[in-house]
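# Commentary on secondary and tertiary structure
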Amino acid sequence: MADDLDIKVKLTLYRTIAETARVPGSAEVADAAGLPESAVRAAFVRLHARRLLVPEPGDPTRIRMAPPFSGIPTPFPVEARGLRYYANCVWDAYGIPAALGADAVIPASDGFTGEPLTLQVRDGRPVPHPYVAHFAVPAARWWENILFT
Amino acid sequence: MLLFRSEETVDRWCGERRIPRRPLVTLEQLWQLAVVWYASRLTLESRRPAPDEMVEVFAGIGLTGPFWDPTSDEWNEC
């Protein structure tokens, strides 16, 4: 069934990311899951339709976003488990330690001045700071241009 | 969405781009959103919250109004 296959692909993808801090392509997921690459690519399409993954523009074998993880370096690195992950935005930067169940250091910066602003998660809680996040796009439009949002 | 030191740098960022300032979210609120969205992401049960669940989650941490409603059409002209 497609649902079972999609779950297997999704779990293989996410577990590879968690272990390596890299977002694997369809061939690597196929090898790890013991599936044909064509089946993995078809699952990527269905998972994108369900708003669970975002493929790399122009290359359906690669994943740009497996939220909270980014397939490319971003201004939101997350250091956890001795690895450096990349998040898609500041919300996802907290999402990575939440997903991993791990402490994290997030060397972020002020969106206007560029001043370094380091966030931390320790013992399952964010270290308090008076910083704020600004959502420029309303919830109803987040998915219209997810690469910008 | 971006991180800022303060409301003041948010206002400067919005002013430079000539866009209205939207609601601000504290780090505690952001952490709660991250936990709801992603804490189960590596498990079999993982799924994205449905639109009505999203509204409930946002309201539960004080984020209310059409900006936080994924089914709202009040923003079509923005």
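Everything quoted here is computed from the prediction, not taken from an experiment.

Scoring rules and cut-offs
- Along each chain, residue indices are assigned from 1 in the same order as the chain's sequence is written.
- Whichever chain is written first becomes A and whichever ligand is written first becomes 1, with later ones labelled in order.
- Under the rules for a predicted model, residues below a pLDDT of 70 receive no local features and side-chain atom pairs below 80 are neither given nor counted, while totals for whole chains, interfaces and linings still include all residues.
- Here the bounds of each domain stem from an automatic or database domain assignment.
- Residue pairs are scored as contacts if the distance between their C-beta atoms, which are placed from the backbone, is within 7 Å.
- A run of H or I in DSSP counts as a helix once it spans at least four residues, and a run of E counts as a strand once it spans at least two, with each numbered from the N terminus.
- All amino acids are sorted into three groups, where Ala, Val, Leu, Ile, Met, Phe, Trp, Tyr, Cys and Pro are nonpolar, Asp, Glu, Lys and Arg are charged, and the leftover types, Gly among them, are polar.
- Whether two strands pair comes down to DSSP finding at least two bridges between them.
- Field definition: a residue is buried when 20 or more other C-beta atoms are found within 10 Å of its C-beta, exposed when 12 or fewer are, and partly exposed for counts in between, with C-beta atoms placed from the backbone.
- Think of the arc as the fan of directions from the helix axis to the C-beta atoms.

All names here are of chain A. Domains assigned within chain A are domain 1 (2-64) and domain 2 (67-149). Just the C-alpha atoms count here: the centres of domain 1 and domain 2 sit 22 Å apart. With 10 residues of domain 1 at the contact, the number on the domain 2 side is nine residues. Per-element tally for the side of domain 1 that touches domain 2: the top contributor is strand E2 (residues 59-66), with three residues. Looking at the side of domain 1 that touches domain 2 residue by residue, the classes come out as six nonpolar, no polar and four charged.

Contact with chain A, which involves 35 residues of that partner, is made by 39 residues of chain B. Among the elements of the structure, helix H1 (2-20), helix H4 (90-100) and strand E9 (132-134) of chain A are those that each provide at least two residues to the side of chain A that touches chain B. No other element matches H4 of chain A, which puts six residues into the side of chain A that touches chain B. Here the side of chain A that touches chain B is built from residues that sort into 25 nonpolar, five polar and five charged. Summarising the sheet, E9 of chain A and strand E1 (residues 2-4) of chain B pair through three bridges and their orientation is antiparallel. In the sheet register, Ala133 of chain A faces E1 of chain B, and the bridge partner there is Leu3 of chain B.

Here the focus is the pairing of strand E5 (residues 83-86) of chain A. Residues and elements named next belong to chain A. Of the pairings in the sheet, the one linking strand E4 (residues 77-80) to E5 comprises four bridges and is antiparallel in character. Residue Pro77 lies in a different strand from E5, and its bridge partner there is Tyr86. What sits between E4 and E5 in their antiparallel hairpin is a turn of two residues, with Arg81 showing a positive phi close to 55°.

On to helix H2 (residues 26-33) of chain A, then. The α-helix advances 3.6 residues per turn, and as a result positions three or four apart in sequence lie on the same side. Residues and elements named next belong to chain A. Looking at H2, one finds that the buried residues are Ser26, Val29 and Ala30. Viewed end-on, H2 has its buried residues packed into an arc of 100°, placing them on one side of the element. Looking at the buried side of H2, the elements it contacts are H1, helix H3 (37-49) and E2.

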